Amino acid sequence: MKRHSFCKAVILSLIVITAVALSGCGKVRSVNSLYSQAKREHGACTIVSKSETDEKTLVVLHDKLQDFDYEVSSYMNDIVIDGASFGSLPSDSDTFDDALRKKVLENKKTELDEICAKYDSYYELDGSFYIFAPDAKTAEKVSLECARVIQEENLQSRLDGMMIYTGGNEYEKHWDNEHYGSVVLPDMKWLTPEDELVMYYTEMARMQTDENAVFIRTEKGTFADTGAKLDRVVSVLGTDYPQSMSDEVTFYYFRSSSGKEYYLCDFNYYDEEYYQMAWYTNYSG
């Protein structure tokens, strides 16, 4: 058995053992527990309705600041690994963010409709806020105008981090099915796909290496330039990852808290035991 196959089997066994051990002691949370957490995380609210059983607790709450209802719940979630069941564990869900965005877009519907009509565009709310525009130049204009309107409803910064995505839709209006860019509240700044990648890898660098990492630049190179081993590259389905020494790799350069320059690459890499994986980096700590 290969090392990574053996480790996978060991990890799976540990997961099963842990799941079985925990499944016998877990239980759903109470109404008061869910209500207290909602108030702490989202602000003042009142209970509209509640139900409580051994399998699920559901509480419908009304947000006082912006006048909408949302749900918080605690329920038993089945543990299924490779088709086998190993009991269940309690899980939580919270619809606050989706309900808030829906309320905000209802309040601003007239203005948003007018902006989109002006630019021959339209929008949808499907978890995230999507705008479909005819081209990249128009996408930037319509996104920034919509963002300014939505930001007016960003009370107590509760919409901070909301992304407004913009692209084309070949099915609705025969535009190219392409992602043009985005705007992140509360910043009124247009982000190209390249800007989004920088933002993403900066976040990854701060999580994996130095929480104060500062982005410097990007460079293109080959996998051979990294000095890494191909057999430790993580194969992620649906993504581009280096499969030969000549394959292109993007290097994202950062400055650490100590002032040292280092890079993070755009592929995941196993440790020597094939036990853990992380973005490949030459960061030394």
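What you see is a predicted model; the values in this text were computed from it and never measured. (Residues numbered from 1 in each chain as written. Predicted model: local features only at pLDDT ≥ 70, side-chain atom pairs only at ≥ 80, totals over all residues. Heavy atoms only, no water.)

1. What to know about the state of the cysteines
Consideration 1: Counting across every chain of the model gives 0 disulfides.
Consideration 2: You can see Cys-116 has no disulfide; the closest cysteine sulfur is in Cys-146, sitting 4.2 Å from it. (Disulfide = S-S within 2.5 Å.)

2. Quick notes on the sheet that holds strand 5 (residues 122-126)
Consideration 1: Strand order in this open sheet of 5 strands is 5-6-7-8-9, and the pairing throughout is mixed. The sheet is open, and its two edges are formed by strand 5 and strand 9 (190-191), each paired on a single side.
Consideration 2: Where strand 5 and strand 6 (residues 128-132) come together, 5 bridges link them in antiparallel fashion. Looking across to strand 6, one finds that Asp-126 is bridged to Ser-128.
Consideration 3: Sitting on the sheet, helix 6 (residues 193-208) is in contact with strand 7 (163-167), strand 8 (179-184) and strand 9, with an inclination near 55° to strand 8. (Pairing = 2+ DSSP bridges. Helix = DSSP H or I, 4+ residues; strand = E, 2+ residues; numbered from the N terminus. Contact = heavy atoms within 4.5 Å. Axes fitted to C-alpha atoms, helices over the stretch in contact; angles between N-to-C directions.)

3. Side note on the packing of helix 4 (residues 109-118) against helix 5 (residues 136-151)
Consideration 1: Where helix 4 meets helix 5, the axes come as close as 10 Å, and the angle between the chain directions of the two elements is 170°. When the interaxial angle is binned, helix 4 and helix 5 end up roughly antiparallel. Of the residues in helix 5, those in contact with Glu-111, Leu-112, Ile-115, Cys-116 and Lys-118 of helix 4 are Val-142, Glu-145, Cys-146, Val-149 and Ile-150.
Consideration 2: Of the residues belonging to the contact of helix 4 with helix 5, the class tally is 7 nonpolar, no polar and 3 charged. (Parallel < 35°, antiparallel > 145°, perpendicular 65-115°, else oblique. Nonpolar A, V, L, I, M, F, W, Y, C, P; charged D, E, K, R; others polar.)

4. Describing helix 4
Consideration 1: Turning to helix 4, its buried residues are Leu-112, Ile-115 and Cys-116. Taken end-on, helix 4 shows its buried residues confined to a sector of 95°, consistent with a single buried face. Facing away from the buried side of helix 4 by more than 90 degrees, the exposed set consists of Thr-110, Glu-114, Ala-117 and Lys-118.
Consideration 2: Structurally, helix 4 contributes buried residues whose contacts are with helix 3 (96-107), strand 5, strand 6 and helix 5.
Consideration 3: Two residues or fewer after helix 4 comes Asp-120, characterised by a positive phi angle close to 55°. (Buried < 20%, exposed > 50% of the residue type's maximum accessible area, 1.4 Å probe, protein only. Arc of directions from axis to C-beta.)

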